[in-house]
Amino acid sequence: MLDKLRARIDDALIAPVRPEVWKRIQAMDAGQNEFGYDPFGFNPESLKYIIPLAVSLYRHYFRVDTYNIESIPDRGRVLLVSNHTGQVPLDGMMIATGALVEKKPPRMARSMMERWVPSIPFISTIFARCGQVVGTRENARILLDREGCILVFPEGARGVNKTYDRAYELERFGYGFMRLALETDTPIVPVGVVGAEEQMPSLYDVKPLAKLLGMPAFPITPTWPLLGPLGAMPLPVKYRIYFGEPMQFEGDSDDEDRVIGVQVEKVREAIRGLLQRGLEEREGVFF
Amino acid sequence: MTKRSRRGRKQRVVITGIGGNLGRAVARRLHRHYDVIGIDRRTVRHMPKDIEIEQVDIRRRRVEDVFRREDIDAVVHLNIMHDPRTRQEEHHQFNIVGTQKIFRLCAEHRVQKVVVLSSANVYGPDPRNDQFLSEEAALMGGQKFEAIRDLIALDMFCNTFFWRHPEIETVILRPVHIVGRVNNAPSKYLRLENPPTILGFDPMVQLIHVEDVVTSIERALTPGIRGVFNVAGPSPVPLSFILDELGRKPRPLPEPMLKSMLKTAWTLKLSDWPVPELDHIKYVCMVDDSLVRSKLGFEHRCDLSAILREVEKGPYSR
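Residues numbered from 1 in each chain as written. Chains lettered and ligands numbered in written order. Predicted model: local features only at pLDDT ≥ 70, side-chain atom pairs only at ≥ 80, totals over all residues.

Participant: Now, about the environment of B:E312: what can you tell me, with residues and values included?
Facilitator: When you line up the elements, B:E312 lands in helix α10 (residues 304-313). As for B:E312 and B:R181, which are separated by 131 residues in sequence, their C-alpha atoms are 8.3 Å apart. (Helix = DSSP H or I, 4+ residues; strand = E, 2+ residues; numbered from the N terminus.)

Next comes the structure, spelled out in structure tokens:
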């Protein structure tokens, strides 16, 4: 009886996802072994625990539009490099959901999580089953060597936490992703997310308070902390995700920062171009 | 095919700690191609007839006679104690002094090859670990689990020996959790009807069957092979998957509760699980075994279902 109940819960979970999309996701090849797990513990079947939420946000809350998603190669190693915005980092989830539900065949965009995440109960297991990987260089290398797809945000927290006056400006990029791409000979697909900046426009970042609370930033937005916890909800803005053409780089991964920086700048320029296009094309923030 | 030494006779191999389950498995495989001499302080039973047994503690003087009497071509050093109940000093003494003694004898008597069985546990489970640790990874196992420090010290000692005596081919094998018809901690855990697990944690684990470990030891005896090698079996799976396959009904408990329960059980001598070993069912500690596969030509024979079938059978009765 318990099994029956379980089956029904499972059916209910995947209800928001169209059956053919779910079939494609189940049949996806992300390097699983004969038992359905990849070496990092990813199991496409487990996506059903997260995908209802992700798809609801994707389709109904942020009503995401993707452009040129075919530029993610169907197979083979690839790095998705995106801008990172919006105080609450939901952009990663939306890009990954897009790659799963819009693209045929679907790709699992893996992202790298903080090193302390595996020490949190439940979260550690769920994240691992849904394809998240502990963020060490070696892990990224293993993933790419296994022809995986990794999503990275070279701006890191700098991008997420910036105030609204610098919306759609790109912060300084880290160089690690470029060294990784050069070392493993991986193409880079630039990604531009337009819309997320407006989900929580930060007017001011109260740095001392953030430090006190041990948070990366303490943003003041028009609704937060004015409306209490409700104000911390991201606004229902419309996301537009632009994928650029794959870029291939050549060179020595151990080169000086000066040399690597030039190539990083090319990727940054490409993302800037995508953002520009998105900002020109969109007619409003919420629709 | 019988291995011939340079002197044109069957090669002679000394196996220390031959009385254990693993020692016996190694002996049974090696005695077909080698002359095997076993050393153990325990009484050794169920051994093929052609194996010569010397019942002596390896720290004793009499061990030297074994090396004096015959020309030894290789030593397989398995005489490493893993008993959490033994006093820490005795444990350390036995493992370190014993190993040191064996190595000194090998150097003095020009033994060409020494194979030491360390363990992948020397890396230690940790949330910050790479998913697959290479042989160069730091040996962090001791940061929380004291009882493993002598194994780390031993591993390090073998490494220094490697540099001090380049004429001797030293091979250090670091296998992942060895399971099968043996009586070690991982096998015992998997045999529990209701194994406790930590609520909310389900790490990926690697297992290897005893016979595959024996194969890797056999391969390590190949002339020209030296260095440190991680050894793993079939591809990793989550712990819950293994317990599921075995038909176990795990009892997930919150970590603090499990810890205090285990601690009480340990004090009352109801259980022999050291509390820090809980990390093995919490965090990953997996190894990259590409080197052993490419350099030693090692291939595992037992797939996961075969391993689990063997675990079910229980240890060989003594």
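Participant: Describe the nonpolar core, and please don't skip the residues or the numbers.
Facilitator: Counting residues in each nonpolar core, the largest one holds 155 residues, and the members touching the most others are A:L80 and B:V115. Residue contacts for A:L80: discarding those within four places in its chain leaves A:I95, A:A109, A:C149, A:I150, A:L151, A:V189 and A:V191. (Core = buried A, V, L, I, M, F, W, Y, C linked by C-beta atoms within 7 Å. Buried ≥ 20, exposed ≤ 12 C-beta atoms within 10 Å, placed from the backbone. Contact = placed C-beta atoms within 7 Å.)

Participant: Which residues make up the pairing of strand β5 (residues 113-117) of chain B, and what values do they have?
Facilitator: Residue and element names in this part refer to chain B. The buried fraction of β5 amounts to five of the five residues, a majority that puts the element mostly inside the structure. Both strand β4 (residues 74-77) and β5 contribute to a ladder of four bridges, which runs parallel. Each residue of the ladder has a partner; that of A74, found in β5, is K113. After leaving β4, the chain enters helix α3 (residues 88-108) and then returns to the sheet as β5, a path that is right-handed. The pairing of β5 with strand β6 (residues 169-175) spans five bridges and is classified as parallel. Bridging across to β6, K113 finds its partner in E169. In terms of handedness, the path from β5 via helix α4 (residues 149-164) over to β6 forms a crossover that is right-handed. (Pairing = 2+ DSSP bridges. Right-handed = clockwise from strand over helix to strand, strands pointing away.)

Participant: Quick one: what's the story with the packing of α3(B) against α4(B), residue by residue and with numbers?
Facilitator: Residue and element names in this part refer to chain B. With their axes 9 Å apart at the nearest point, α3 and α4 run at an angle of 15° to one another. With respect to their mutual orientation, α3 and α4 come out roughly parallel. Crossing geometry of α3 relative to α4 is assigned as right-handed. Contacts between α3 and α4 involve H91, H92, N95, I96, T99, Q100 and F103 from the former and D150, A153, L154, F157 and F161 from the latter. (Axes fitted to C-alpha atoms, helices over the stretch in contact; angles between N-to-C directions. Parallel < 35°, antiparallel > 145°, perpendicular 65-115°, else oblique. Left-handed = near helix turned anticlockwise from the far one by under 90°.)

Participant: Let's hear about the environment of B:I39: which residues, and what values?
Facilitator: Residues and elements named next belong to chain B. Here I39 is to be found in strand β2 (residues 35-40). Sequence-wise, I39 and G17 are 22 residues apart; in three dimensions their C-alpha atoms are separated by 5.9 Å. In this view, I39 contacts V14, T16, I18, E54, V56, I58, V63 and V66; residues no more than four positions away in its chain are not counted.

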